[in-house]
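Below, each chain spelled out in residue letters.
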Amino acid sequence: MLRPLRIAITSGDSNGIGPEVVSKALRRLGPQKNIQFFLWRNSDFPKKDLRRIQKEFKLITVGSWAQALSQAPRSSRDLVDICGATNPTHWVEEAAQACYFKHLDAMATAPLSKPAIKESGLKDVGHTDILKRVSQTKNAYMVFLGDKFNVFLATGHLPIRNIAEKINKETITEALIQAQKFAKSLHYTLPIGVLGLNPHAGDSGVIGSEDLEIISPAIESLSKEPLKFVGPLVPDAAFVKNHWDTYSLFVAMYHDQGLIPFKTVHGQKGVHLTWGLPFIRTSVDHGTAFDIAGKDKADESSMYLALKWAIKLTKGVYES
């Protein structure tokens, strides 16, 4: 690469903990060799958080992404600070577009509330939907990485009443194939644990038919793949401690099935990434936490890890 690797950071809702975790994470991380950060924020970004960033970085402040493109930072200590007036949702859209067109190499996102997305006028439900639309990607998957275990979600943000209708042989088979590709990309070698949909994984069809008629056949169809799939696992027993070192990752059928155990164990020390996009996107594994915003109580660990993973994965793309 002739230029530094460029990583976007969107700071999320200004009245949430986004600015605090971003500023703490950047100060903790410090300038990185051959890495250039681009920060999206607005004038409501707390000044104390801005000062925290300035202890490690020199800000080059511009008013738009168009102006940011014209900047030529001289060192990794220079951080391009894009201070605009638009809704934070549009920062995500703009950064994703920049990644899609190869102006940026990766993006790391701070928490953004669903009401903020709705207020933006966009019809997307969350980050993942924005990224899929911008990149014209049909299937993108939420993955959560922790030091105890990893979770891959087969479906996205769906109301509970709509989940079963999305569980079919085609969608589950594709999710398992993508989970395997993800595991192989990180050189994982352990089997992949696949959760059942119903209590007791259906109990041989007594409690719902999806596990027996859909999930099991999908697993069987991939039995000759290099990484072994195991399941359907009983959901309420899948995440017991002695399973953590048994599987490369767990494939959960729906959001809360995977996220409740993941967040219970990892708290705010996990990282979220979106698999299936034509660019790298990492994120925190938590929400906006409006109740503690501005109180200097937020734990930046997840944002720090999101930046670390964005750097690691970006370098992996260019150094492989």
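Notes on the structure follow. These numbers come from a predicted model, not from an experiment.

1. Let's talk about the pattern of salt bridges
All told, the structure shown has ten salt bridges when counted by the stated rule. The shortest N-O distance in the salt bridge between Arg-3 and Asp-105 comes to 2.9 Å. Of the two residues, Arg-3 is situated in the segment before strand E1 (5-10) and Asp-105 in the loop between helix H4 (88-100) and strand E5 (106-109); the sequence distance between them amounts to 102 residues. Residue classification places Asp-105 among the buried residues on the basis of a relative accessible area of 7%. Notably, a salt bridge pairs Arg-52 with Asp-296, separated by 3.0 Å at the nearest N-O pair. Of this pair, Arg-52 sits in helix H2 (residues 47-54) while Asp-296 sits in the loop between strand E12 (280-284) and helix H11 (301-319), and the two are 244 residues apart along the sequence. Among the residues examined, Arg-52 registers a relative accessible area of 13% and is labelled buried. In this structure, a network of salt bridges that share partners links the residues Glu-20, Lys-24, Asp-49, Arg-52 and Asp-296.

2. Here we look at the layout of surface pockets
Empty space within the largest pocket amounts to approximately 530 Å³. Taken together, 21 residues make up the lining of the largest pocket; nearest its centre are Lys-132, Asn-139, Ala-154, Thr-155 and Gly-156. At the level of elements, helix H6 (127-135), strand E6 (141-145) and helix H8 (169-185) are the ones that each hand at least two residues to the lining of the largest pocket. In terms of residue count, H6 provides more of the lining of the largest pocket than any other element does, four residues in total. Of the residues belonging to the lining of the largest pocket, the class tally is seven nonpolar, eight polar and six charged.

3. Notes on the packing of H8 against helix H9 (residues 210-221)
Axis angle and axis distance: for two packed helices, these are the angle between their axes and the distance between the axes, and together they describe the pair. Taken N-terminus to C-terminus, the directions of H8 and H9 make an angle of 45°; their axes are 9 Å apart at the nearest point. Overall, the two elements H8 and H9 adopt an arrangement that is oblique. In this structure, the crossing between H8 and H9 has a hand that is right-handed. Mapping the contact onto sequence places Lys-169, Ile-172, Thr-173 and Leu-176 in H8 and Ile-214, Pro-217, Ala-218, Ile-219 and Ser-221 in H9. Residues that form the contact of H8 with H9 fall into these classes: six nonpolar, two polar and one charged.

4. What to know about H8
For H8, which comprises 17 residues, the first-to-last C-alpha distance of 24 Å matches the rise-based estimate of 24 Å (1.5 Å per residue) to within 8%. Along H8, the residues that are buried comprise Ile-172, Thr-173, Ala-175, Leu-176, Gln-178, Ala-179, Gln-180, Phe-182 and Ala-183. With a side-chain oxygen lying 3.1 Å from the backbone nitrogen of Glu-170, the N-terminal cap of H8 falls on Asn-168. The first or second residue beyond H8 is His-187, which carries a positive phi of 65°.

5. A few points about the pairing of strand E4 (residues 78-83)
Taking burial as the measure, the six residues of E4 include five buried ones, the bulk of the element. As paired elements, strand E2 (residues 35-41) and E4 share four bridges and run parallel to each other. Counted as the bridge partner of Trp-40 is Ile-82 from E4. Of the pairings in the sheet, the one linking strand E3 (residues 58-62) to E4 comprises five bridges and is parallel in character. By the bridge assignment, Thr-61 is partnered in E4 with Asp-81.

The rules behind the values
- Residues numbered from 1 in each chain as written.
- Predicted model: local features only at pLDDT ≥ 70, side-chain atom pairs only at ≥ 80, totals over all residues.
- Heavy atoms only, no water.
- Salt bridge = Lys/Arg side-chain N within 4 Å of Asp/Glu carboxyl O.
- Helix = DSSP H or I, 4+ residues; strand = E, 2+ residues; numbered from the N terminus.
- Buried < 20%, exposed > 50% of the residue type's maximum accessible area, 1.4 Å probe, protein only.
- 1 Å grid on protein atoms, 1.4 Å probe; cavity = no way out; pocket = protein on both sides within 12 Å on 5 of 7 lines; lining within 4 Å.
- Points joined across faces, edges and corners; volume = space filled by probe spheres on them.
- Nonpolar A, V, L, I, M, F, W, Y, C, P; charged D, E, K, R; others polar.
- Axes fitted to C-alpha atoms, helices over the stretch in contact; angles between N-to-C directions.
- Parallel < 35°, antiparallel > 145°, perpendicular 65-115°, else oblique.
- Left-handed = near helix turned anticlockwise from the far one by under 90°.
- Contact = heavy atoms within 4.5 Å.
- Expected span 1.5 Å × (residues − 1).
- Polar contact = N/O pair within 3.5 Å; in protein donor to acceptor, adjacent residues only side chain to side chain.
- Pairing = 2+ DSSP bridges.

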